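A look at the structure
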Amino acid sequence: MERVRLADGLVYGGDYNPEQWPRETWDEDVRLMREAGVNLVTLGVFAWGTVELADGERDWSWLDEAVLLLYENGIGVDLATPTAAPPQWLLTAHPDIAPVLADGYREPAGGRNAWCPASEVYRRYALRHVAALAERYGAHPAVRLWHVGNELGGGNARCHCDRSAADFRTWLQKQRGSLEAVNAAWGTAQWGHRYGSWDEIMPPRGRHGAPNPGLHLDFERYSSDALLAHYLAEKEVLERHSAAPVTTNMMVGAGAQVVDYASWAPHTAIAANDHYTGVNDPLREQDLAFAADRMRGMSPDRRPWLLMESSTGGPSWQRRNRAKDPGEIVRHSLGHVARGSDGAMFFQWRASTSGAEQFHSAMLPHSGTRSRVWKEVVELGRHLAKLAEVRGTAVEGAKAAIVVDDAAGWALQHGLKPHRGLSYGREPRTWHRALWRRQVLCDVVPPGSDFDAYDLVIVPTLLVVGEADAERLRAVPERGGTLLVTYLSGVCDADNQVLTGGFPGAFREVLGAWSDEFYPLQEGERVALDDGSVVEDWTERVHLDGAEAVCGYAASSLAGGPAVTRRVIGDGAAWYVSAALPPEAVDRLADRLAAEAGLPRAVEAEPGLEAVRRVGDDHSYLFLLNHTDTDQNVTAAGRDLLTGEDAGPALTVPAGGVRVIRESVNR
Ligand code: GLA
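Residues numbered from 1 in each chain as written. Predicted model: local features only at pLDDT ≥ 70, side-chain atom pairs only at ≥ 80, totals over all residues. Heavy atoms only, no water.

1. Notes on the domain arrangement of the chain
Operational definition: Segmentation into domains, and thus their bounds, comes from an automatic or database assignment.
Looking at the chain, the domain boundaries give domain 1 (400–597) and domain 2 (609–663). Each of domain 1 and domain 2 has a C-alpha centre, and these two points are 35 Å apart.

2. So, the packing of helix α4 (residues 120–137) against helix α7 (residues 213–241)
Test applied: Every axis corresponds to a line fitted to the C-alpha atoms, with the helix fit spanning only the stretch in contact, and the corresponding angles, defined between N-to-C directions, vary from 0 to 180 degrees. Numbering of helices and strands runs from the N terminus, with a helix taken as a DSSP run of H or I at least four residues long and a strand as a DSSP run of E at least two residues long. By definition in this entry, angles of less than 35 degrees are roughly parallel, angles greater than 145 are roughly antiparallel, angles of 65 to 115 are roughly perpendicular, and the rest are oblique. Crossings are sorted by hand: turned counterclockwise from the far helix by less than a right angle, the near helix makes the crossing left-handed, and turned clockwise it makes it right-handed. Residue contacts are counted whenever heavy atoms from the two residues lie within 4.5 Å of one another.
At a closest axis distance of 8 Å, the pairing of α4 and α7 adopts a crossing angle of 30°. In terms of orientation, α4 lies roughly parallel with respect to α7. Judged by the sense of rotation from one axis to the other, the crossing of α4 with α7 is right-handed. Between α4 and α7, the residues in contact are Tyr122, Arg123, Ala126, Leu127, Val130, Ala131, Ala134 and Glu135 and Ala226, Ala229, His230, Ala233, Glu234, Val237, Leu238 and His241, respectively.

3. Description of the pattern of salt bridges
Heads up, the rule is: The term salt bridge refers to a pairing of a side-chain nitrogen on Lys or Arg with a carboxyl oxygen on Asp or Glu at a separation within 4 Å. Accessibility here uses a 1.4 Å probe with only protein chains present; expressed as a share of the type maximum, an area under 20% marks a residue as buried, one over 50% as exposed, and anything in between as partly exposed.
Here the structure, examined in full by the defined rule, presents 49 salt bridges. Glu28 is paired through a salt bridge with Arg350; the nearest N and O atoms lie 2.5 Å apart. Here Glu28, found in helix α1 (residues 23–36), pairs with Arg350, found in the loop between β11 (341–346) and α11 (372–386); they are 322 residues apart in sequence, far enough to count as distant. Accessibility expressed as a relative area gives 33% for Glu28, which makes it partly exposed. Note that Arg566 is salt-bridged to Glu548, the shortest N-O span being 3.9 Å. Here Arg566, found in strand β22 (residues 562–569), pairs with Glu548, found in strand β21 (residues 548–552); they are 18 residues apart in sequence, far enough to count as distant. According to the relative accessible area criterion, Glu548 is partly exposed, its value standing at 38%. Several salt bridges share partner residues, and in doing so they unite Asp293, Arg296, Arg302, Arg339, Asp443 and Glu610 into one network.

4. Considerations on the site of the ligand
Using the following cut-off: In these notes, residues near a molecule or strand are those with any non-hydrogen atom within 4 Å of it. Each polar contact in these results corresponds to two N or O atoms within 3.5 Å; when the atoms are within protein, one needs to be able to donate a hydrogen and the other to accept it, and residues that are neighboring in sequence are counted only if both atoms are side-chain atoms. Note on areas: these come from Shrake-Rupley sampling with a 1.4 Å probe, and a residue is covered only by the protein chains present in the view.
Contacts to the ligand come from Phe46, Arg112, Asn150, Glu151, Asp274, Tyr276, Glu309, Trp317, Phe347, Glu357 and His360. Taking Tyr276, its side chain carries an N or O atom lying 3.5 Å from an oxygen atom of the ligand. At 2.7 Å, a side-chain N or O of Trp317 approaches an oxygen atom of the ligand. Protein contacts shield 96% of the accessible area of the ligand, which totals 300 Å² for the unbound molecule.

So this is what it looks like as structure tokens:
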């Protein structure tokens, strides 16, 4: 299961930016890192301009010293290529490195990732510096991992400049083969937009908000591939000089991501994620669980992945950056570990006093070691050390899956749509929430996955779906599983063209139900269903064609028509949910589906008690995280790894607390 070994146990640490501090502070840093149990730090992530001081002139002295200091103190280095932040001298000499927005505005220097993925000048300078870095440190025993750039796409996910336009055309030629194929795929007969030569093709530009959906989706795909190509170019240089594993920190969350990380993950030695909870999200622990389940779902063979960044408190980029509540640092970090991360890392080690991120939280906050955060950071380090044997183990195989796809998300959220306010993350997260509160594990997977292991597969608002993927999803009920498809799934093919003959074209036959008209609701409008639930945002006119109605519309011109349908196929079932059900209705439905499909619960407990198992060769490990403010009782037995004492079979997880049980009975 394990492919890379970054530390003897689970990884613990964060971004370390010694270049921001006087040398004497570094000694305190490593002393406190050791006190907290830190064993890996991401080093040099924005240190291009502080090493390559002028074109080709490098001063490695501080970095040499920092690497050595960490090594001598037994702290591993996750050495970053600093290419997210090109130096000022480079941006000044070549201002056209910067990406161009759709409205033609060229982003000036001053931020991060201010470079166009198609810029040859940027690529040349970046790879030159990466080669120098890799030559210098590639064989250093401190270097456990390479960290390419930083959040590729964060700031430069789409570049609309002329260079990108040319690169986009080359990509299209490879993908589509001919101009005729492009015209056909994008339906350019509409509005007379037929292309007569490649040069006429441009990235979506301007502000009119009605891009051709085929062009738009292809440009999104191209943009993801262009950034991936940059990652691969750096990786190739690193691997020429070093045997250390290579990764990059992704930004995987609930909605459509800036790039298609599912296609990136196989190119990393260990998939790595940056996850920040929304401070105003009332169910942030479930958002976290969703992101973690998505990381596992995209990691090849469900291998362990790594939480590369998270926060100990308020980030500084949200509107009101509230601190975490007591206990959340530990619960959130162990939540990621429970779901497959082989450690927990933060942005950043020591809170900066200056610069754009001067108010961002850190492992060592401005208030120092007398702070609550520091005490919890030390506590987390102790916990992680006690959980060392969990490293490399797999998360228990899930029996449920939720299918998510960035292409579907991009397609749903752009252009002229029946409802222009739908956010892609909403339905996947609502369905995940329903299983999460019941302690049912689910993988969040891309549509190209193998679905054979799953008893329940949920397909929420997957607007765009390729025929091969649709085929494998349709096979789920045929082989005795349960398939649930929501509104706006399978409405378009992989080219973003509507499938005709009744919605949802890709699934209507297997569902035994179809709809012919969309009735998105107006703002504030609500429609009742005959099971008592009240729907906002989305309804549609459904016809039965082999399925039975489970519940129907009780109002509006749809009254009397089916809202949720079910078709029995041998031992399997195919469900269609045509309305945007409120969370409580999804919870009820998911309870029924989970019971019918016999989905295992990790433990039986109240919602808010999170329970997930990791399974090793000799033991299984039950993570119990109590996100509620009352004690929760569960049945489980074994050695509590955090206290070192035997526990169970009746055990209590204190309000806001955590327990990790090495179970007596191996699963
Ligand atoms: C991202 C970046 C970090 C830092 C954090 C702040 O994750 O990768 O460098 O800016 O955000 O939350």
